[in-house]
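Now for the letters of each chain:
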Amino acid sequence: MSAQMPPTEEVPVSIDARRLWLIGAGVAALLLVPIGIAASLAWVELPWNDAESRAVPEWVALPQLRATTSDGTVVRARVALDVPSTLVKAQIQRNTQQVGLLLELSVAARTRAELGAPEGIRALSEDMRERLNAYLGVGEGEKGVSSVAIQDLLVKPQ
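Residues numbered from 1 in each chain as written. Predicted model: local features only at pLDDT ≥ 70, side-chain atom pairs only at ≥ 80, totals over all residues. Heavy atoms only, no water.

A few words now on the confidence of the model for the protein. On average, the protein scores 82 in pLDDT, and the residues at 70 or more come to 80%. Mean pLDDT in the protein bottoms out at helix α1 (residues 13-43), which sits at 84, and peaks at helix α3 (residues 96-108), which reaches 92. (pLDDT = per-residue confidence, 0-100. Helix = DSSP H or I, 4+ residues; strand = E, 2+ residues; numbered from the N terminus.)

Here's what the structure looks like:
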């Protein structure tokens, strides 16, 4: 007895090829789209990625400052200086005690009311920067202390 096999149904080759092509295209898209996005972002100049035009601040932290205002209020502060020049930075670090005394003079020239005013901290910071640049012998066009950040300012109650 011979058993007859039922005829098998063959899928046309064109459907299998099309399915493989779609799978390959999907995998290629998953790989190439992120690479294309990364390459295009590297090619485009982003405004926040312009490192050459803006100098990164180089902060010099000073020891805590204790001073008395002109009306007798005790003030404690922590101050950091933005110094772009390495020579000026080294000069400040060598003369930390004198720099601290100079900053105390800026506080002593103010009253408690002036420090508490809306522009008080900004004016104090600007005065400190001007005094430091004058002490360091830095002219207007030269690089000295760019800014003074007053990190903590504690005014003792009277």
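From this point on, the discussion continues.
Attention shifts here to the pattern of salt bridges. In total, this model carries 5 salt bridges according to the counting rule given. Across the salt bridge formed by arginine 122 and glutamate 119, the nearest N and O atoms sit 3.1 Å from each other. Looking at arginine 122, the relative accessible area reads 58%, which means it is exposed. Among the residues examined, glutamate 119 registers a relative accessible area of 45% and is labelled partly exposed. The closest approach of N and O atoms between aspartate 127 and arginine 131, which form a salt bridge, is 3.1 Å. Taken as a pair, aspartate 127 and arginine 131 lie in helix α5 (residues 120-136) at a separation of 4 residues, close to a single helical turn. Accessibility expressed as a relative area gives 15% for aspartate 127, which makes it buried. On the basis of relative accessibility, which here comes to 28%, the residue arginine 131 falls in the partly exposed class. If you follow the salt bridges from partner to partner, you end up with Arg110, Asp127 and Arg131 in one network. (Salt bridge = Lys/Arg side-chain N within 4 Å of Asp/Glu carboxyl O. Buried < 20%, exposed > 50% of the residue type's maximum accessible area, 1.4 Å probe, protein only.)

Right, let's talk about the side chain of arginine 110 for a bit. Looking at the element boundaries, arginine 110 is found in the loop between α3 and α4 (112-116). A polar side-chain atom of arginine 110 sits 3.2 Å from the main-chain carbonyl oxygen of alanine 123. Once residues within four sequence positions are removed from consideration, arginine 110 is found in contact with Thr69, Ser70, Leu115, Ala123, Leu124 and Asp127. (Polar contact = N/O pair within 3.5 Å; in protein donor to acceptor, adjacent residues only side chain to side chain. Contact = heavy atoms within 4.5 Å.)

So, on to the nonpolar core. Val79, Leu81, Ile92, Leu103, Met128, Leu132 and Val145 are the most contacted members of the largest nonpolar core, which has 24 residues in total. Where this core is concerned, the elements lending two or more residues are β2 (65-68), β3 (74-82), α2 (86-94), α3, α5 and β4 (147-155). (Core = buried A, V, L, I, M, F, W, Y, C linked by side-chain atoms within 4.5 Å.)

On the surface, Ile23, Val27, Leu31, Leu32 and Ile35 cluster together to form a nonpolar patch covering roughly 510 Å² of accessible area. Tracing the sequence through the fold places isoleucine 35 in helix α1. (Patch = residues over 30% accessible without salt bridge, like charges linked within 9 Å, V, L, I, M, F, W, Y side chains within 5 Å. Areas by Shrake-Rupley, 256 points an atom, 1.4 Å probe, with all protein chains shown as cover.)

For the rest of this paragraph, the subject is α5. A rise of 1.5 Å per residue sets the reference length of α5, with its 17 residues, at 24 Å; its end C-alpha atoms lie 24 Å apart and thus fit the reference within 8%. Taken residue by residue, α5 has Gly120, Leu124, Ser125, Asp127, Met128, Leu132, Asn133 and Leu136 as its buried positions. Buried residues in α5 make contact with β2, β3, α2, α3, α4 and β4. After α5 finishes, the residue glycine 137 shows a positive phi value of roughly 75°. (Expected span 1.5 Å × (residues − 1).)

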